[in-house]
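Each chain, letter by letter, is given below.
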Amino acid sequence: MNEIIHLLNPWWRGEAFETGIPRPKYITPIQNSLSHKKTILLVGSRRVGKTTLLRQTIKLLLRDVPPTHILYLLLDHPQVSQSTILELVMQFRKTFALDRSEKLFLFLDEVQYVKRWEQEVKALGDTENVQIFLSGSASSELLAKKSFLTGRVKTYTMYPLDFTEFLEFKKATIKETEIYKYTKYCEEYLSLGGYPEYVLSKDPSYFSDLVSDVLYKDIIRMYDLKNPDVLKDLLLLLADRTGQQATYTKLSHILNVKNDTVKEYIYYLKNTFLVSELPRYASSRAKRIYAAKKFYITDNGILYHLLGNISYSAAFEQTVYRTLKDMSKSVSFYYENQKELDFVVDRGHGPELWEAKYAMKQTDEDSIKKYKAIASELNIKTLTIVTMDVQKLHTPEDALIRFLPLWQLLLMQNEKK
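Bear in mind the structure is a predicted one, so any value in this text is a computation, not a measurement.

Undergrad: Requested: an account of the sheet that holds strand 1 (residues 39–44), with residues and values cited.
TA: The strands making up a sheet are joined through hydrogen bonds of the backbone, oriented either antiparallel or parallel. With parallel pairing, five strands are arranged side by side in an open sheet as 2-3-4-1-5. At either end of the open sheet lies a strand with only one pairing partner, and these are strand 2 (70–74) and strand 5 (153–158). Going across the sheet, the axis of each strand differs from the next one's by a mean of 15 degrees, ignoring polarity. When strand 2 meets strand 3 (residues 104–109), the two strands line up parallel, connected through five bridges. Across the sheet, residue Leu74 finds its bridge partner in strand 3, namely Asp109. Against the sheet, helix 4 (residues 85–96) engages strand 2 and strand 3, with an angle of about 145 degrees to strand 2. Of the strands in this sheet, strand 1, strand 3 and strand 4 (130–136) touch helix 5 (residues 117–127), which is tilted by about 160 degrees from strand 4.

Undergrad: For the pairing of strand 10 (residues 339–346), give the residues involved together with the corresponding values.
TA: Of all eight residues in strand 10, six are buried; the element is thus mostly enclosed. Sheet topology note: the strand 9 (residues 330–336)/strand 10 ladder contains six bridges and is antiparallel. Its bridge partner lying in strand 10, Tyr335 is registered against Glu340. Between strand 9 and strand 10, which pair antiparallel in sequence order, lie two residues; one of them, Asn337, sits at a positive phi of approximately 50 degrees. Note: strand 10 against strand 11 (residues 351–356), four bridges, orientation antiparallel. Residue Phe343 lies in a different strand from strand 11, and its bridge partner there is Trp354.

Undergrad: Tell me about the environment of Glu187, residues and numbers included.
TA: In this structure, Glu187 sits in helix 8 (residues 181–192). A C-alpha to C-alpha distance of 20 Å links Glu187 and Lys325, two positions 138 residues apart in sequence. Those residues in contact with Glu187 that sit more than four places away from it in its chain are Tyr312 and Met388.

Undergrad: Residue-level account of the layout of surface pockets, with values.
TA: Taken as a whole, the largest pocket spans an internal volume of roughly 1,000 Å³. Together, 36 residues line the largest pocket, and Thr157, Tyr159, Arg322, Lys325 and Asp326 are the ones closest to its centre. Elements with a minimum of two residues in the lining of the largest pocket: helix 2 (24–32), strand 5, helix 13 (259–271), strand 7 (275–278), helix 16 (312–327) and strand 9. If you tally residues by element for the lining of the largest pocket, the top one is helix 16, at six residues. A class-by-class count of the residues in the lining of the largest pocket yields 14 nonpolar, eleven polar and eleven charged. Taken as a whole, the second largest pocket encloses approximately 610 Å³ of empty space. Lining the second largest pocket are 27 residues; nearest its centre among them are Arg47, Gly49, Lys50, Thr51 and Thr52. It is helix 3 (residues 50–61) that contributes the most residues to the lining of the second largest pocket, six residues altogether. Here the lining of the second largest pocket is built from residues that sort into ten nonpolar, six polar and eleven charged.

Parameters at a glance
Residues numbered from 1 in each chain as written. Predicted model: local features only at pLDDT ≥ 70, side-chain atom pairs only at ≥ 80, totals over all residues. Heavy atoms only, no water. Pairing = 2+ DSSP bridges. Helix = DSSP H or I, 4+ residues; strand = E, 2+ residues; numbered from the N terminus. Axes fitted to C-alpha atoms, helices over the stretch in contact; angles between N-to-C directions. Contact = heavy atoms within 4.5 Å. Buried < 20%, exposed > 50% of the residue type's maximum accessible area, 1.4 Å probe, protein only. 1 Å grid on protein atoms, 1.4 Å probe; cavity = no way out; pocket = protein on both sides within 12 Å on 5 of 7 lines; lining within 4 Å. Points joined across faces, edges and corners; volume = space filled by probe spheres on them. Nonpolar A, V, L, I, M, F, W, Y, C, P; charged D, E, K, R; others polar.

Set out below in structure tokens:
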């Protein structure tokens with residue numbers, strides 16, 4: 001055990017350690033939190049960069065904090081998980097003969113694998129001079145227990161690379177006179193997705209291993225599921241139906257399982273960051289709850305792995321959805337009287353209509369008429385159609401229609417705040 005702990009903490013020996021490429025949208029707010037005692041809870045999909053972010057935080061701390069005051073524990077390691085967190089921290093104090101008055105910085109990675117972790121973290125906060133950093137890949141497991149730490153936790157959710165981060169990882173330099181380059185990088189972003197390691201390595205086995213880890217370690221083992229094959233089949237069904245309407249009842253019929261089983265398994269998929277669920281836009285709460293939903297996979301790389309091929313149309317809509325969701329207070333889809341529109345978005349100043357059209361041309365008048373009819377029914381004056389490269393304002397009598405290239409929407413993502 002002692003050997004494993006030392007291997008996990010190379011700074012104790014003055015050794016260099018890998019910290020990856022910085023992602024300012026995450027490291028900056030965490031850096032600003034180092035001056036207070038609140039526990040930091042970092043959640044997100046496996047391999048999205050949580051451990052790298054913890055190591056970057058440790059590197060920042062080492063500017064001012066003695067190396068022997070920083071403890072990192074990987075709690076899903078079979079040897080480490082045999083001890084309680086309290087026992088590991090006590091052994092840490094003994095190893096370096098640390099006074100009780102000396103502040104310690106504890107990094108507990110994949111904390112959900114420790115039983116009663118929240119009670120141990122609360123006890124440490126109550127009795128020790130510590131600042132604690134937690135990470136976990138199962139948000140449902142983590143957030144459901146956060147009540148033990150009410151008022152003491154600041155939560156950050158980490159996502160795959162957005163487009164701006166993708167450009168930084170690709171070391172892309174785009175001058176104001178070269179904006180045409182954005183389209184090429186946008187196409188590459190659609191084909192690779194945003195998982196940092198895959199963007200850099202393009203390892204063909206990457207997503208197979210990732211999906212397997214999430215399904216088996218974060219869901220099947222964590223919740224002791226009796227029908228693991230149903231979970232895998234459900235995920236494949238949702239991938240096949242990306243951006244299409246689906247009901248729990250229809251999915252349960254296809255899988256030959258109970259409706260409640262489908263709801264439960266989708267809950268697990270959502271809370272391990274594999275799937276997102278989009279509700280229907282409706283004034284009736286009952287319709288919003290019981291109407292068909294749309295489902296999107298978290299990342300295009302995972303989508304292609306599940307589909308077994310590249311579908312730029314599905315990836316395009318999925319990318320628009322994820323970007324709008326990050327920019328907005330709420331997102332839903334419109335469907336009424338056989339008329340459908342991809343997204344009704346609320347960014348804080350009334351509903352907006354958005355449509356994702358990978359291959360649409362600005363001369364597609366039939367589609368324009370349909371969108372005008374929906375805008376009129378909802379009394380919404382503007383509609384944005386996101387395309388790969390069309391950019392123009394189209395002004396019919398009662399609605400302003402804007403064609404927006406995808407790369408422009410993606411660059412807007414980091415301007416939302």
